[in-house]
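Summary of the model geometry
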Amino acid sequence: MAHGHGNRSNEKVVYVGDSRIRKPGPRPAPPDYTAFPGKSEAFIPNFLLKEWMAGVVVLVGFLVLTIAEPAPLGYPADPLNGSFIPMPDWYFLFIYQLLKYPYTSEDFIVLGTIGIPGIAFGALLLVPFLDTGKERRFYRRPITSSLMIVSLIASVYLTWVSWHHYTEELEKSGVVPEHIEREEKNKESIESGKGRWIPGKEKTVALVKPDDPAFEIMKKAQCIACHGGELEGGGAPSLRGIGDTLSKDELVDTITNGRANGAMPSFKGTLSEAEIDQVATWLSEQKAEAAE
Amino acid sequence: MFKSMYNWIDERLDVTPMWRDIADHEVPEHVNPAHHFSAFVYCFGGLTFFITVIQILSGMFLTMYYVPDIINAYYSVDYLQHQVAFGVIVRGMHHWGASLVIVMMFLHTLRVFFTGSYKAPREMNWVVGMLIFFVMLGLGFTGYLLPWDNKAYFATKVGMEIAGSVPWIGSYIKELLAGGTIVGAQTLTRFFAIHVFFLPGVLLTLLAAHFFMIRKQGISGPL
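Under the annotation held in an unreviewed UniProt entry, chain B carries the name Menaquinol:cytochrome c reductase cytochrome b subunit and is attributed to Cohnella xylanilytica. Of chain B, the UniProt comment under Function (unreviewed entry) reads exactly: "Component of the menaquinol:cytochrome c reductase complex." Comment text from UniProt for chain B, heading Subcellular location (unreviewed entry), reads "Cell membrane".

As annotated in an unreviewed UniProt entry, chain A is C-type cytochrome from Cohnella xylanilytica.

Laid out in structure tokens, this is it:
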């Protein structure tokens, strides 16, 4: 080393900033665990390798789940959809369910949104300052531990009740969750050679014989209020290409008796049997092939 | 050659002590599952971080295809799920990973709680850990909206109503989150920004503090 700073030339010299002042002293050695009983080992690579084993077990399970169960995707968001049953992700269900009880909803909603979760999560956040004793074993800290266990049971219970209600509601209304229905329709569409089905991007089939007097009957009977002015769909499904899915007899039955618990009303009194027959005949001719 | 390259850098930046700080430390027997199988409970923290890294990586790939606007969001997700090679795996990992990270973090929290590891001198690390927990829930909530399907839309609407019921400031929180009075185009871009930039930034800062403290204080001793 130059300038008379000693001659230990093999030792690395560390300077403070760009000055010529040597940094004082060696860095403190990393803490060791000689105070702990048993065999300690180096973090890298010995221990990290063992932790990686646990990581691999989790990773394999994770990938199996990913491959077995594709991430769900429903239909495009439709703010006007009034019948959709909203459902948050599972880890919010306990709080979602909490807000459904008499003293945590309506006039008492603040107790449900701020009161109970505020106290529970506030206590959890500040637990080191509430439980200040030296004792670490949970069975020697009965108050802290039992409060935690009770909250855990309550959260699991609320989550379970919420999910149970949801599945019950689905069963009662006969609704298939959108992401499942969507995958089924997609599969059907691919199998029937029509290609991938993308909700909202269906190819609209042209109307067959749009000058037919049956269309005028439909306009007068207000079918178009729900099925759309050009039968392209709206509040009710599109009727373009309906002849591919329903036969004439089925169409007559649907118009005469209605469908889906009155969502499609009965036209028994509104239209005469002859008119219904005329409409059904025309609709049964609405086939994708004929429209081309 | 690597050694000489390392030495060249080390001479200028003095990285050896930094590397020592990160990697060179002992791990005691009572947390080592190779010695006591039940010590696997001490792995949950590391596994949470592992899944978090998977979330960041899969999320980075998702943003290559995802379009955060109300017309295209749904169809870009649909496209990457059904058309992009391995898209179904990448989105699946991000979707299920979101749940898994909550599960792992929950188990890690319980381990720390029931072994009393939050006690002095580790109080601050517990508080930072709980903040990480809340940030993760925030990431879950904002990420849920992004596919813009009915489930996403209506769950977010419910969430907004809950936020709106907070006394006095509820309507302000609601409007700030939604970017207006309705859940719409503004909400989606806002949630996207929060999910992709704001919360991950906060998360990484908190994680750094979490790891710095555990490194400084060492793991808590055996019971």
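Moving on from the model shown.
Our focus in this paragraph is the nonpolar core. Within the largest apolar cluster, 23 residues are counted, with the highest numbers of intra-cluster contacts made by Ile132, Met136 and Leu203 of chain B. Mapped by element, the contributors of at least two residues to this core are α3 (44–62), α5 (87–114), α6 (123–145) and α9 (185–217) of chain B. Every residue in contact with Leu203 of chain B, bar those within four places of it in the chain, is listed here: Thr52, Ile132, Val135, Met136 and Leu139 of chain B. Counting 21 residues, the second-largest nonpolar core is a separate cluster that includes Leu231, Leu271, Ile276 and Val279 of chain A.

To continue, consider the pattern of salt bridges. All names here are of chain A. The full count for this structure, using the stated rule, is 13 salt bridges over all chains. Residue Glu183 is joined to Arg182 by a salt bridge in which the shortest nitrogen-to-oxygen separation is 3.9 Å. Classification of Arg182 by relative accessible area gives buried; the value is 0%. As a salt-bridge pair, Lys248 and Asp277 come within 3.0 Å of each other at their nearest N and O atoms. Residue Lys248 is located in helix α9 (residues 248–257), and its partner Asp277 is located in helix α10 (residues 273–284); the two are separated by 29 residues in the primary sequence. We classify Asp277 as partly exposed; its relative accessible area is 35%.

Residues given the UniProt feature "transmembrane region" (unreviewed entry) here are residues 39–67, 96–114, 126–146 and 192–214 of chain B. Regarding residues 96–114 of chain B, the helix share stands at 100% and the strand share at 0%, and the terminal C-alpha atoms are separated by 27 Å.

This next bit is on α3 of chain B. Taking 1.5 Å as the rise per residue, α3 of chain B with 19 residues should run 27 Å; its terminal C-alpha atoms sit 26 Å apart, in good agreement. Those residues of α3 of chain B that sit buried are Phe44, Gly45, Leu47, Thr48, Ile51, Thr52, Ile54, Gln55, Ser58, Gly59 and Leu62 of chain B. On the buried face of α3 of chain B, the contacting elements are α1 (43–68) of chain A together with α4 (73–82), α5, α6 and α9 of chain B.

In this section: the packing of aromatic side chains. The geometry of two aromatic rings is summed up by the distance between their centres and the angle between their planes. Taken as a whole, this structure holds 27 aromatic pairs over all chains when the rule is applied. Aromatic pair Phe94 of chain A and Phe121 of chain A: ring centres 6.3 Å apart, planes at 55 degrees, arrangement tilted. One end of the pair, Phe94 of chain A, is in helix α2 (residues 93–98); the other, Phe121 of chain A, is in helix α3 (residues 109–125), with 27 residues separating them in the sequence. Looking at Phe121 of chain A, the relative accessible area reads 25%, which means it is partly exposed. Centroid distance Tyr65 of chain B to Tyr79 of chain B: 6.4 Å. Interplanar angle 50 degrees. Geometry classified as tilted. Placement of the pair is Tyr65 of chain B in the loop between α3 and α4 and Tyr79 of chain B in helix α4, with a sequence separation of 14 residues. Residue class for Tyr79 of chain B comes out partly exposed when judged on its relative accessible area of 42%. A connected cluster of aromatic rings, assembled from ring pairs, spans Phe138 and Tyr139 of chain A together with Phe113, Phe114, Tyr118 and Trp126 of chain B.

Here is what the cut-offs are and how they apply
- Residues numbered from 1 in each chain as written.
- Chains lettered and ligands numbered in written order.
- Predicted model: local features only at pLDDT ≥ 70, side-chain atom pairs only at ≥ 80, totals over all residues.
- Heavy atoms only, no water.
- UniProt positions renumbered as here; feature names shortened; annotations may be inferred.
- Core = buried A, V, L, I, M, F, W, Y, C linked by side-chain atoms within 4.5 Å.
- Buried < 20%, exposed > 50% of the residue type's maximum accessible area, 1.4 Å probe, protein only.
- Helix = DSSP H or I, 4+ residues; strand = E, 2+ residues; numbered from the N terminus.
- Contact = heavy atoms within 4.5 Å.
- Salt bridge = Lys/Arg side-chain N within 4 Å of Asp/Glu carboxyl O.
- Expected span 1.5 Å × (residues − 1).
- Phe/Tyr/Trp six-rings, centres within 6.5 Å; stacked < 30°, edge-to-face > 60°.

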